[in-house]
Amino acid sequence: MTILRPALADSLRALKLSGMLETLDARLAQAQGGDLGYLEFLQILCDDEITRREQVAMSRRLRRARFDTETTLEGFDFSANSKLPAAQIRDLAALRWLQAGESIILYGAVGVGKTHVAQAMGHLAIRAGAEVRFHKTSRILADLAGGHADRTFDKRLAAHVKADLLILDDFAMREFTPGQADDLYELISQRIAEGRSNAITANRAPQDWYPLFPNPVVAESLLDRLINNSHQVFMNGPSYRPNKRPNAPAPAPGK
């Protein structure tokens, strides 16, 4: 095999099967040891290549998501806050809402982990093969406003509509301007119409969002569609952030 290896490596790279090279020696050793038949050897090499491609694709989707931090639900300490609806959150982790084109709204006190859970849901969606985008609501509104200035609004809007899951963090922090309200209407109504999911985090309860819109008609049309298409998760209790400080004490056993 030492004579054939350079030509084989070149062939695998030409076929874009370089992932096989990473495990070829180990698989050859298994085959020579009698652990693998010819077809098994070929099948396992193909599986190695598929695994490599899936890992590369997932890494790309994670980069495109632009999370603030890469968090997972496995890394969330539910025991830190007994008031959290842990069962509801774990049920949402099955992503049936994403498959159905529905949305989730995580709302409640400051610091209870809403953004962590939203990004963790996004991480799960990426593992399932979905395209996810994470934005602070103020930033996505600024981006859309820039589209009005340079006449690229339709292009920017289409890019934001395209993702399977759009996470809007810190929604309804303050009153919206008429332009922001109109842009939100275009964004969210189009995403809902196309069956794409949204995940929203907010300190205010959904029923308190209506007065933040200058035009009641826009508020009713937008929020009724969004709220009626969403699973609402009320997150209350003490702040989760002290648990994330450097050198934070570990939870006591059973806590």
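Residues numbered from 1 in each chain as written. Predicted model: local features only at pLDDT ≥ 70, side-chain atom pairs only at ≥ 80, totals over all residues. Heavy atoms only, no water.

1. A look at the overall build of the protein chain
Heads up, the condition is: Going along the chain from the N terminus, every DSSP run of H or I of four or more residues is numbered as a helix, and every run of E of two or more is numbered as a strand. Between the two quantities, the radius of gyration covers C-alpha atoms and the globule rule is 2.2 Å times the number of residues to the power 0.38. To sort residues, take the accessible area from a 1.4 Å probe on protein chains only and compare it with the maximum for the residue type: under 20% means buried, over 50% means exposed, and anything in between is partly exposed. We get accessible surface area from the Shrake-Rupley algorithm with a probe of 1.4 Å; when it comes to residues, only the shown protein chains can shield them.
Along its length, the protein chain carries ten helices and five strands. For 255 residues, the compact-globule estimate of 2.2 N^0.38 gives 18 Å, and the protein chain exceeds it by more than 25% at 23 Å. Taken along its principal axes, the extent of the C-alpha atoms in the protein chain is 75 × 55 × 35 Å. Out of the 255 residues in the protein chain, the part that is buried amounts to 41%. Carbon and sulfur atoms make up 53% of the accessible area of the protein chain, which amounts to about 14,100 Å² in all.

2. Regarding the UniProt feature "domain: AAA+ ATPase" (unreviewed entry) in the protein chain
Cut-off, in case you're wondering: UniProt positions are given in the numbering used here, feature names are shortened, and annotations may be inferred rather than shown by experiment.
Within this structure's numbering, the places UniProt gives as "domain: AAA+ ATPase" (unreviewed entry) are residues 100-234. Taken end to end, residues 100-234 is 50% helix and 21% strand, and its first and last C-alpha atoms sit 21 Å apart.

3. As for helix 9 (residues 178-193)
So the rule is basically this: In this scheme, a helix's expected span is set at 1.5 Å multiplied by one less than its residue total. Residue contacts are counted whenever heavy atoms from the two residues lie within 4.5 Å of one another.
With 16 residues, helix 9 ought to run about 22 Å at 1.5 Å a step, and its terminal C-alpha atoms sit 22 Å apart, in line with that. At its buried positions, helix 9 is contacted by helix 7 (137-150), helix 8 (153-162), strand 3 (165-171), strand 4 (197-202) and helix 10 (216-228). Backbone geometry just downstream of helix 9 places Gly-195 in the positive-phi region, at approximately 70 degrees.

4. Quick look at unusual backbone geometry
Located in the positive-phi region is Leu-95, a residue other than glycine, with phi close to 65 degrees. By the secondary structure assignment, Leu-95 is in the loop between helix 4 (86-92) and helix 5 (96-99). Its identity as a non-glycine residue notwithstanding, Ala-172 has a phi of 60 degrees, on the positive side. Mapped onto the secondary structure, Ala-172 falls in the loop between strand 3 and helix 9. Assessed through its relative accessible area of 3%, Ala-172 is described here as buried.

5. Let's talk about helix 2 (residues 19-32)
Convention followed: The term bend refers to the angle at a residue between two fitted axes, each drawn through seven residues, those ending there and those starting there.
The first and last C-alpha atoms of helix 2 sit 20 Å apart over 14 residues, in line with the 20 Å expected at 1.5 Å per residue. Of all the bends in helix 2, the greatest, near 45 degrees, is centred on Asp-25. The set of residues buried in helix 2 consists of Gly-19, Met-20, Leu-24 and Leu-28. Lining the buried residues of helix 2 we find helix 1 (5-14) and helix 3 (38-65). Gly-34 occupies a position one or two residues after helix 2 and carries a positive phi of about 85 degrees.

6. Notes on the environment of Gln-32
Structurally, the position occupied by Gln-32 is in helix 2. A residue is classified by how much of its surface remains accessible, and Gln-32, at 65% relative accessible area, is exposed. Sequence spacing of Gln-32 and Thr-72 is 40 residues, and the spatial spacing of their C-alpha atoms is 41 Å.

7. With respect to the pattern of salt bridges
Note the threshold: What counts as a salt bridge is simple: a side-chain nitrogen of Lys or Arg found within 4 Å of a carboxyl oxygen of Asp or Glu.
A complete count under the given rule lists 15 salt bridges for this structure. Residue Lys-136 is joined to Asp-169 by a salt bridge in which the shortest nitrogen-to-oxygen separation is 2.4 Å. Pair noted here: Lys-136 is in strand 2 (residues 132-136) and Asp-169 is in strand 3, with a separation of 33 residues, a long-range link. The network of salt bridges with common partners includes Asp-68, Lys-136, Asp-169 and Asp-170.

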